[in-house]
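Breakdown of the fold
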Amino acid sequence: MEHIKTAMVGTPCQIMAATKINKYSDITGGSPIDIKIGLFCMENFSYTYLEKFLKENNIEMYEIKEFRIDKGKFLVNLIDGNQFSIPISETNIFTRKNCQICTDYTSDLSDISVGSVGSKDGYSTVIVRTKKGQKIINELKEKNLIICEDLSDKGINLLKTIANKKISTNQKNIQSRERVARQVLSQRHVSEETLHTQSCDCQFSNLEADVISVGGCVLCGACEYVCKSNIIQINDRKPQAYGECEEDCHACYYACPRTYVSTEILPEDIDSKPFGEYLEIMAIKSNSINGQDGGVVSGILMYLLERNIVDEVFLVGQDENVPWKPKSFVSNKVWDVIAAAGTKYSTVPIGFKALSNKSK
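About the cut-offs
- Residues numbered from 1 in each chain as written.
- Predicted model: local features only at pLDDT ≥ 70, side-chain atom pairs only at ≥ 80, totals over all residues.
- Heavy atoms only, no water.
- Helix = DSSP H or I, 4+ residues; strand = E, 2+ residues; numbered from the N terminus.
- Contact = heavy atoms within 4.5 Å.
- Polar contact = N/O pair within 3.5 Å; in protein donor to acceptor, adjacent residues only side chain to side chain.
- Buried < 20%, exposed > 50% of the residue type's maximum accessible area, 1.4 Å probe, protein only.
- Arc of directions from axis to C-beta.
- Patch = residues over 30% accessible without salt bridge, like charges linked within 9 Å, V, L, I, M, F, W, Y side chains within 5 Å.
- Areas by Shrake-Rupley, 256 points an atom, 1.4 Å probe, with all protein chains shown as cover.
- Salt bridge = Lys/Arg side-chain N within 4 Å of Asp/Glu carboxyl O.
- Lys, Arg positive; Asp, Glu negative; His and termini not counted.
- Charge placed at Lys NZ, Arg CZ, Asp CG, Glu CD.
- 1 Å grid on protein atoms, 1.4 Å probe; cavity = no way out; pocket = protein on both sides within 12 Å on 5 of 7 lines; lining within 4 Å.
- Points joined across faces, edges and corners; volume = space filled by probe spheres on them.
- Core = buried A, V, L, I, M, F, W, Y, C linked by side-chain atoms within 4.5 Å.
- Pairing = 2+ DSSP bridges.
- Axes fitted to C-alpha atoms, helices over the stretch in contact; angles between N-to-C directions.
- Phe/Tyr/Trp six-rings, centres within 6.5 Å; stacked < 30°, edge-to-face > 60°.

**Description of the environment of threonine 130**
As for its placement among the helices and strands, threonine 130 is situated in the loop between β7 (124–128) and α4 (131–142). A C-alpha to C-alpha distance of 19 Å links threonine 130 and leucine 151, two positions 21 residues apart in sequence. Once you skip the residues sitting within four places of it in the chain, threonine 130 turns out to touch Ser110, Asp111 and Leu279. A polar contact is formed between the side chain of threonine 130 and the backbone nitrogen of glycine 133, at a distance of 3.0 Å.

Here it is, written out as structure tokens:
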């Protein structure tokens, strides 16, 4: 495969998977992911159960204009102008339970993290984490493609409150699970040496036992992407293996964001830092696109493509045959970025599945 550079947009678990795939590239085969844009994420929703819930409230998916989460409510804006809303606390019926062991709200391992919490209407809260991310934001600012403002103290405190809530709530969930089942491996603070010792003999059967069967799988698609024998498949359900693993292959176990994570990737005290490690926090609005919450993610992706900083980007659009069913794909076209703008609120094996179709 020719050498290409890809920009990825993903939730914290997906960003973790991308990080592990490239860190252990000698085992996983690596990926072309060069820039990681992380999204703030409290939890993800099951498309099937979300559709069922809405039907029970006399709403069909094809009637929906957009979903939003704002001011503690899950909002469903309909094409006819009406709006249906429920408190976030009542979304448990369609929330994926596998999300309840994640303590990362702001995508700690990304180059740039983006979310709406903490910033005023029309802006996004942006956390710059790496020099690579800072260079991108500085260039956008210099070219007058974005408007930057300081985040207010009120905004900072709100973001901190929500991030800490996810940490404390899910730490309790982890403790509760571990009292009746096996350990949540991704929450063990282990050295790089211990990670290799524990992972070097593990195949898909171990991944199934340690993560999938105990409700830890996030359907990120990483295991399917790195599988050297192409026997792992994810078809809207949990990963399954159709055949025998290649001898001495541990790729899926290393790539999974819910197996061991070493302290070289995440420091042991990361849960005491609600924003993770970062260089700068600000509120940003894009001048190049009028999108949801300031169009920041779309604006960044457009810039990366137009300036040839990356060759392609991961996008999540909608399945043309199923209303609001997320579908991941890879594109090098700016108009695809514009068409895919906006948040999808149900699970999709983002990026890795699209990469598999293209590069394997």
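**Details of helix α3 (residues 47–56)**
Along α3, the residues that are buried comprise Tyr47, Leu50, Phe53 and Leu54. In an axial view of α3, the angular spread of the buried residues amounts to 130 degrees, which keeps them on one side of the axis. Counted as exposed and oriented over 90 degrees from the buried face of α3: Thr48 and Glu56. Buried residues along α3 sit in contact with β3 (64–70), β4 (73–78), β5 (83–87) and β15 (326–331). Immediately beyond the C-terminal end of α3, within one or two residues, lies asparagine 58, with a positive phi of roughly 65 degrees.

**Observations concerning a negative patch on the surface**
A cluster of like negative charges, contributed by Asp201, Glu246, Glu247 and Asp248, occupies part of the molecular surface. In this structure, glutamate 247 sits in the loop between β11 (240–241) and α9 (251–255).

**Notes on empty space enclosed by the protein**
This model, assessed by the stated rule, comprises 6 cavities of 30 Å³ or more. Taken as a whole, the largest cavity holds about 240 Å³ of empty space. What lines the largest cavity is a set of 18 residues, and nearest its centre among them are Met16, Thr103, Ser186, Gln187 and Leu266. No other element matches the 3 residues that helix α1 (residues 12–23) contributes to the lining of the largest cavity.

**Observations concerning the nonpolar core**
Membership of the largest hydrophobic core comes to 48 residues, with the highest contact counts inside it found for Leu207 and Phe352. Where this core is concerned, the elements lending two or more residues are α1, α7 (204–212), α8 (222–226), α9 and α12 (352–359). Of all the elements, α1 adds the most residues to this core, at 6 residues. Excluding residues within four positions of it along the chain, phenylalanine 352 makes contact with Met8, Gln14, Ala17, Ala18, Ile21, Ile33, Cys220, Gly221, Ala222 and Tyr225. Ranked by size, the runner-up nonpolar core spans 28 residues in total, among them Ile35, Val128, Val296 and Leu315.

**Structural notes on unusual backbone geometry**
Trans is the common state for peptide bonds, and a negative phi is the common state for residues other than glycine. Positive phi outside glycine occurs at asparagine 230, with the angle close to 55 degrees. Within the element layout of this structure, asparagine 230 appears in the loop between α8 and β10 (232–233). You can call asparagine 230 exposed: its relative accessible area is 52%.

**A look at the sheet that holds β5**
Strands in a sheet are paired, the pairing made by backbone hydrogen bonds, and the direction either parallel or antiparallel. With respect to topology, 3 strands assemble into an open sheet ordered β3-β4-β5, the strand pairing being antiparallel. Strands with a single pairing partner mark the edges of an open sheet, and in this sheet they are β3 and β5. Strand-to-strand, the axes of this sheet are offset by a mean angle of 15 degrees, without reference to chain direction. One ladder, built from 5 bridges, connects β4 with β5; its direction is antiparallel. Pairing of lysine 73 across the sheet is with proline 87, part of β5.

**A word on the pairing of β7**
By the criterion of burial, β7 is predominantly enclosed, with 5 of the 5 residues buried. On β7, burial covers both faces: Ser124, Val126 and Val128 on one face and Thr125 and Ile127 on the other are all buried. Where strand β6 (residues 112–115) lies against β7, 4 bridges are found, and the strand directions are antiparallel. Each bridged residue has a counterpart across the sheet, and for glycine 115 the counterpart in β7 is threonine 125. Relative to strand β13 (residues 280–286), β7 runs antiparallel, the two sharing 5 bridges. Each residue of the ladder has a partner; that of threonine 125, found in β13, is alanine 283.

**Some remarks on helix α6 (residues 192–199)**
Within α6, burial applies to Glu192, Leu195 and Ser199. Taken end-on, α6 shows its buried residues confined to a sector of 55 degrees, consistent with a single buried face. Every exposed residue of α6 that faces more than 90 degrees away from the buried side is listed here: Glu193 and Thr197. On the buried face of α6, the contacting elements are α1, β9 (189–190), α9 and β12 (261–262).

**Some points on the packing of aromatic side chains**
Overall, the coordinates contain 10 aromatic pairs when judged by the stated rule. Consider the rings of phenylalanine 45 and phenylalanine 74, whose centres lie 5.3 Å apart with planes at 85 degrees: the pair is edge-to-face. Pair noted here: phenylalanine 45 is in the loop between β2 (33–39) and α3 and phenylalanine 74 is in strand β4, with a separation of 29 residues, a long-range link. For the pair formed by phenylalanine 45 and phenylalanine 74, the shared burial category is buried. Between phenylalanine 53 and phenylalanine 84, the aromatic rings sit 6.2 Å apart at their centres with planes inclined by 55 degrees, giving tilted as the arrangement. With a gap of 31 residues between them, phenylalanine 53 in helix α3 and phenylalanine 84 in strand β5 connect regions that are remote in the sequence. Note on phenylalanine 53: relative accessible area 12%, which makes it buried. Chaining the aromatic ring pairs together yields one cluster made of Phe45, Phe53, Phe67, Phe74, Phe84 and Phe94.

Geometric descriptors of this kind do not, in isolation, establish any biological role.
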